[in-house]
Amino acid sequence: MKLLVCGGAGFIGSTFVRERVLEHGDVVTVLDKLTYAGRTENFHDFAEHPSFRFVRGAIEDAGAVAGAIELAAPDAIVNFAAETHVDRSIAEPDAFVRTHALGTYVLLEAARARELRYVQVSTDEVYGSIESGSFTEESPLRPSSPYSATKTGADLLVQSYFHTYELPALIVRGSNNYGPYQYPEKLIPLMILNALHGDKLPVYGDGMQVRNWIHAGDFGRAIAHVLEHGVAGEVYNAGGPDEEANIDVVRRIVAATGANESQIEHVRDRPGHDRRYSLSSAKVRALGWEPRVRFAEGLEQTVAWYRDNAWWWEPIRSGDYRAYYERQYGSALA
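One structure accompanies this document, and this report is about it. (Residues numbered from 1 in each chain as written. Predicted model: local features only at pLDDT ≥ 70, side-chain atom pairs only at ≥ 80, totals over all residues. Heavy atoms only, no water.)

1. Let's talk about the pattern of salt bridges
Across all of its chains, the model carries 17 salt bridges by this definition. For glutamate 234, the salt bridge is made with lysine 283, and the minimal N-O distance between the two is 2.5 Å. With glutamate 234 in the loop between helix H7 (216-229) and strand S10 (235-238) and lysine 283 in helix H9 (residues 282-285), the pair connects residues that are 49 residues apart, well separated along the chain. Overall, glutamate 234 belongs to the partly exposed group, its relative accessible area being 30%. Owing to a relative accessible area of 23%, lysine 283 belongs among the partly exposed residues under this scheme. A network of salt bridges, in which partner residues are shared, links Arg20, Asp26 and Glu228. (Salt bridge = Lys/Arg side-chain N within 4 Å of Asp/Glu carboxyl O. Helix = DSSP H or I, 4+ residues; strand = E, 2+ residues; numbered from the N terminus. Buried < 20%, exposed > 50% of the residue type's maximum accessible area, 1.4 Å probe, protein only.)

2. Let's talk about the sheet that holds strand S5 (residues 117-123)
The strand order S3-S2-S1-S4-S5-S6-S10 describes an open sheet built from 7 strands, whose pairing is parallel. Unpaired on one side and paired on the other, strand S3 (52-56) and S10 mark the two borders of the sheet. Averaged over all neighbouring strand pairs, the angle between strand axes comes to 20°, with direction disregarded. Taken together, the 5 bridges between strand S1 (residues 2-6) and strand S2 (residues 27-32) define a ladder with parallel strand orientation. What sits directly across from cysteine 6, in S2, is leucine 31. Packing against the sheet, H7 makes contact with S1, strand S4 (76-79), S5, strand S6 (169-174) and S10, and its axis sits at approximately 145° to S5. (Pairing = 2+ DSSP bridges. Axes fitted to C-alpha atoms, helices over the stretch in contact; angles between N-to-C directions. Contact = heavy atoms within 4.5 Å.)

3. Considering the packing of aromatic side chains
The final tally for this structure, using the stated rule, is 22 aromatic pairs. Each ring, one from tyrosine 36 and one from tyrosine 183, has its centre 5.0 Å from the other, and the planes form 75°; the classification is edge-to-face. Taken together, the residues span a long stretch of sequence, with tyrosine 36 in the loop between S2 and S3 and tyrosine 183 in the loop between strand S7 (176-178) and helix H6 (187-197) at a distance of 147 residues. Given the relative accessible area of 28%, tyrosine 36 is considered partly exposed. The exposure class assigned to tyrosine 183 is buried, which follows from its relative accessible area of 10%. For the pair phenylalanine 43 and phenylalanine 46, a centre-to-centre distance of 5.6 Å together with 55° between the ring planes defines the contact as tilted. Both residues of the pair, phenylalanine 43 and phenylalanine 46, belong to the buried class. Just above the ring of tyrosine 165 sits the side chain of arginine 112; from NZ or CZ to the centre is 3.9 Å. Lying across the ring of tyrosine 236, lysine 283 places its NZ or CZ 4.9 Å from the centre. (Phe/Tyr/Trp six-rings, centres within 6.5 Å; stacked < 30°, edge-to-face > 60°. Lys NZ or Arg CZ within 6 Å of the ring centre and 35° of its normal.)

4. Structural notes on helix H8 (residues 246-257)
Its 12 residues place the ends of H8 17 Å apart at the C-alpha level, agreeing with the 16 Å of an ideal helix rising 1.5 Å per residue. What H8 keeps buried is the set Asn246, Ile247, Val249, Val250, Ile253, Val254 and Thr257. Seen end-on, H8 carries its buried residues on one side only, within an arc spanning 155°. Its buried side turned inward, H8 meets H6, strand S8 (201-204), strand S9 (210-215), strand S11 (242-245), strand S12 (264-267) and helix H10 (295-308). The positive-phi residue at the C-terminal boundary of H8 is glycine 258, with phi of around 75°. (Expected span 1.5 Å × (residues − 1). Arc of directions from axis to C-beta.)

5. Looking at the sheet that holds S9
Strand order in the open sheet formed by 3 strands is S7-S9-S11, and the pairing between neighbours is mixed. The sheet is open, and its two edges are formed by S7 and S11, each paired on a single side. Direction aside, neighbouring strands of the sheet carry axes that sit 45° apart on average. Two strands pair when backbone bridges link them, and S7 and S9 are joined in this way by 3 bridges, in the parallel orientation.

6. Regarding the packing of H10 against helix H11 (residues 310-317)
A pair of packed helices is captured by two measures, namely the crossing angle of their axes and the spacing between those axes. For the pair H10 and H11, interaxial distance at closest approach is 6 Å and the crossing angle is 75°. Between H10 and H11, the interaxial angle falls into the category roughly perpendicular. Note on element contacts: H11 touches H10 through Ala310, Trp312 and Trp313, opposite Trp305, Tyr306 and Asp308. A class-by-class count of the residues in the contact of H10 with H11 yields 5 nonpolar, no polar and 1 charged. (Parallel < 35°, antiparallel > 145°, perpendicular 65-115°, else oblique. Nonpolar A, V, L, I, M, F, W, Y, C, P; charged D, E, K, R; others polar.)

7. What about the environment of tyrosine 277?
As for its placement among the helices and strands, tyrosine 277 is situated in the loop between S12 and H9. For tyrosine 277, a relative accessible area of 3% puts it in the buried group. Here the alpha-carbon distance between tyrosine 277 and arginine 53, two residues 224 residues apart in the chain, equals 36 Å. With sequence-adjacent residues up to four places away left out, tyrosine 277 is seen in contact with Asp124, Glu125, Gly128, Ile130, Asn176, Val210, Arg211, Asn212 and Glu243. Side chain to side chain, tyrosine 277 and aspartate 274 meet in a polar contact 2.7 Å long. (Polar contact = N/O pair within 3.5 Å; in protein donor to acceptor, adjacent residues only side chain to side chain.)

Treat this as a map of the structure, not an account of what it does.
The following block contains the structure:
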């Protein structure tokens, strides 16, 4: 396939692009405005591949989108472009409204004008929190943060373009992703790097927030599977094979890095923090997709990757991220 992948310089997007270019022979053009979490370093192993091209630009910029489509001549658009961190959405919600609402609208209009297949990459957080059981694609949407609310709005806009204009659009909602190349504001890379450096391991509240973990490689395969086999107008949930409380994830990382549990520090909980997420993946499994990576194995591999790839994360820990971390957690990194 020829694909235009928006937000492909980020963690999940670059994981998807890597697999499509290196393993499946797709011709991929990435459009990304390179915010703090979108990095060309994520392309280091395929940047010179003849089937890969990069265009710097924002999805809310109609001119940039049109130029990227002209260059890519794609069969489909896959939209990963998003502001993704709940903490940042609480502090600076305007960026989330701009990217998720206006940006999605611009992409949908471009896809409609050219009759392109369109996949919106979304999140389990649009459903809110669930005490027991798992969310299905028919569950009510009850977002609880500016991040999840704006993602919900984008999803509804995508569905409206299918129903109103018959745009062949699909939505894939993933559970909590982890793996190499994830920006260290997120739980797993944050804890790995802090553990390796002897820093405190800041855990929100009691740490008993439960998440359904999926390796980014598995989620990327789910998105590709839906792109190829999914029914237009449908939503597909792709959850991981394992659930784990945040505090238990941190303890696993402590053990894997040789850190000390005394580094764990419980901090004031995030406002409106959802207690548990869980996705049923029965619908996408019926299409033939299955997750391959169990959490214990994937976490061990992820710890090893961060330990062995300081070239990737050292510029982050020495840059603006340090100031963000101090504002967020009230302490400085080592």
